[in-house]
Amino acid sequence: MKLLIAVAALIVCATAFEYTAEWELWKRTNGKDYSSEKEELYRQTIWEANKKIVLEHNANADKWGWTLEMNAFADLESSEFAAMYNGYRRSARKSNATRYHVPTGNALPDTVDWRTKGAVTPVKNQKQCGSCWAFSTTGSLEGQTFLKKGTLPSLSEQQLVDCSDKYGNHGCQGGLMDNAFKYIEANGGIDSEASYPYEAKNGKCRFQQSAVAATCTGYKDIPHDDIDGLQDAVANVGPISVAMDASHSSFQLYAAGVYDPLLCSSTRLDHGVLAVGYGTEPSGLFHEEKPYWLVKNSWGPDWGQQGYFKIVRKDNKCGIATDASYPTV
């Protein structure tokens, strides 16, 4: 019995040492520096809990069809992560839209990827500011500007954070893509990223008419929950602003594959992103062809698949087709 207890103690110590060594490496890799020993201990406790989630999930990755990883957000609880990095405010959405996307009736290709057409700017990073809605807005307007005018501008999210409050947005405290489109139309345009760079905090409006890089004449909504309409828009219009429920640790720690969680809301949306394509790929235990949306995120290129993710293209998973829209140029 004493021998068994000693062996068990050695295993526990070895595991603790392994986690401590891995924790130190993770901190160095991700540039983490905490304000106190108490804060670090708290963060390490969360990190270890997330480590268990990742290990348990990845042990059955063939079943789930996607993998997780200990990325730069692994020291955050899912609730605090959502508060810092999401920011879509569905409660602000208006139901009085008068312009809707009308399906083209065209035969849809099996695969679409607007990145290959030059309609998508590099992945950006919203940092600890709930401005996802601004990045979704600029992404769809950048794409429409390219498709209509032949040039791909990188547009200013910071201008939307600072200047569109009168249209129902709240800067780093959240906003809505449709409200941002309304502001850009009424304002006569949006400045370039270079002239109005991103600061990840609320600031005073510094819009310059001379630096306008894109304009829009309005926007169109895709009818709620219309998956077919969203597919038609992605295929025929370009990158589309969409929102989703991104409140889960399985999304926070997403690494690769077709995201298809068991529990995900189609109405409690908290994150604005950009649908840039769709397709199918083998996924799951039997490697069946699974349809997916290809989506650009705004958490930097080190998250997910170089800043992108794939989410299953069925049943309006996580509300991806609930509040979709795009600007008109």
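Residues numbered from 1 in each chain as written. Predicted model: local features only at pLDDT ≥ 70, side-chain atom pairs only at ≥ 80, totals over all residues. Heavy atoms only, no water.

Regarding the protein chain, the relevant UniProt record gives this comment under Sequence similarities (unreviewed entry): "Belongs to the peptidase C1 family." (UniProt positions renumbered as here; feature names shortened; annotations may be inferred.)

Applying the stated criterion across every chain, the model contains 15 salt bridges. The partner of Lys-124 in a salt bridge is Glu-142, and the shortest N-O contact between them spans 2.9 Å. Highlighted residues: Lys-124 in the loop between strand E2 (112-113) and helix H5 (132-149) and Glu-142 in helix H5, separated in sequence by 18 residues. Owing to a relative accessible area of 1%, Glu-142 belongs among the buried residues under this scheme. The shortest N-O distance in the salt bridge between Glu-193 and Lys-124 comes to 2.9 Å. (Salt bridge = Lys/Arg side-chain N within 4 Å of Asp/Glu carboxyl O. Helix = DSSP H or I, 4+ residues; strand = E, 2+ residues; numbered from the N terminus. Buried < 20%, exposed > 50% of the residue type's maximum accessible area, 1.4 Å probe, protein only.)

This paragraph deals with the pairing of strand E10 (residues 308-312). Along any regular strand the residues' side chains alternate between the sheet's two faces. Among the five residues that make up E10, five are buried, leaving the element largely enclosed by the rest of the structure. On E10, burial covers both faces: Tyr-308, Lys-310 and Val-312 on one face and Phe-309 and Ile-311 on the other are all buried. Here two bridges tie strand E7 (residues 254-259) to E10, and the two strands are oriented parallel to one another. The partner of Tyr-259 across the bridge, within E10, is Ile-311. By the bridge criterion, five bridges tie strand E9 (residues 288-296) to E10 in an arrangement that is antiparallel. Each residue of the ladder has a partner; that of Trp-293, found in E10, is Ile-311. (Pairing = 2+ DSSP bridges.)

Under the definition given, this model contains three disulfides. Between the sulfur atoms of Cys-129 and its disulfide partner Cys-172 the distance amounts to 2.0 Å. Linking Cys-129 and Cys-172, the disulfide has an S-S dihedral of approximately -95 degrees and is accordingly described as left-handed. With Cys-129 in the loop between E2 and H5 and Cys-172 in the loop between helix H6 (157-163) and helix H7 (177-187), this residue pair connects regions lying 43 residues apart in the sequence. By relative accessible area, which is 1% here, Cys-129 ends up buried. With a relative accessible area of 12%, Cys-172 lands in the buried category. The disulfide that involves Cys-163 links it to Cys-205, with 2.1 Å between the sulfurs. In this structure the cystine formed by Cys-163 and Cys-205 twists about its S-S bond by roughly 100 degrees; its chirality is therefore right-handed. Highlighted residues: Cys-163 in helix H6 and Cys-205 in the loop between strand E3 (190-191) and strand E4 (212-214), separated in sequence by 42 residues. Counting its disulfide-bonded cysteines in sequence order, the protein chain shows a connectivity of 1-3, 2-4, 5-6. (Disulfide = S-S within 2.5 Å.)

Mapped onto the fold, Phe-251 is located in helix H9 (residues 249-252). With relative accessibility at 0%, the residue Phe-251 sits in the buried group. Residues in contact with Phe-251, not counting those within four places in the same chain, are Met-244, Ala-246, Tyr-259, His-271, Asn-297, Trp-299, Trp-303 and Phe-309. (Contact = heavy atoms within 4.5 Å.)

This part covers the UniProt feature "domain: Peptidase C1A papain C-terminal" (unreviewed entry) in the protein chain. Taking the numbering used here, the UniProt-annotated feature "domain: Peptidase C1A papain C-terminal" (unreviewed entry) corresponds to residues 108-328. For residues 108-328, the end-to-end C-alpha separation is 21 Å, with 23% helix and 24% strand making up the annotated structure.

So, about the packing of aromatic side chains. What the rule picks out here adds up to 25 aromatic pairs. For the ring pair Phe-81 and Tyr-85, a centre distance of 4.9 Å and an interplane angle of 25 degrees mean the geometry is stacked. Taken as a pair, Phe-81 and Tyr-85 lie in helix H4 (residues 78-85) at a separation of four residues, close to a single helical turn. A residue is classified by how much of its surface remains accessible, and Tyr-85, at 8% relative accessible area, is buried. Every member of this aromatic cluster is reached through a ring pair, and the members are Trp-64, Trp-66, Phe-73, Phe-81, Tyr-85, Phe-251, Tyr-254, Tyr-259, Trp-299, Trp-303 and Phe-309. Taking the ring centre of Tyr-308 as reference, the NZ or CZ of Arg-115 above it sits at 4.5 Å. Over the ring of Tyr-292 we find Lys-310; its NZ or CZ atom is 4.6 Å from the centre of that ring. (Phe/Tyr/Trp six-rings, centres within 6.5 Å; stacked < 30°, edge-to-face > 60°. Lys NZ or Arg CZ within 6 Å of the ring centre and 35° of its normal.)

Here we come to unusual backbone geometry. In the Ramachandran plot, Lys-127 falls in the positive-phi region, its phi being about 60 degrees despite a non-glycine side chain. With respect to the helices and strands, the residue Lys-127 is situated in the loop between E2 and H5. When its relative accessible area of 48% is taken as the criterion, Lys-127 is described as partly exposed.

Below, the discussion takes up the side chain of Gln-252. As for its position among the elements, Gln-252 is in helix H9. We classify Gln-252 as buried; its relative accessible area is 1%. At a separation of 3.0 Å, a polar atom in the side chain of Gln-252 contacts the main-chain carbonyl oxygen of Leu-76. Not counting residues up to four positions away in its chain, the partners in contact with Gln-252 are Asn-50, Asn-71, Phe-73, Leu-76, Glu-77, Ser-78, Phe-81 and Trp-303. (Polar contact = N/O pair within 3.5 Å; in protein donor to acceptor, adjacent residues only side chain to side chain.)

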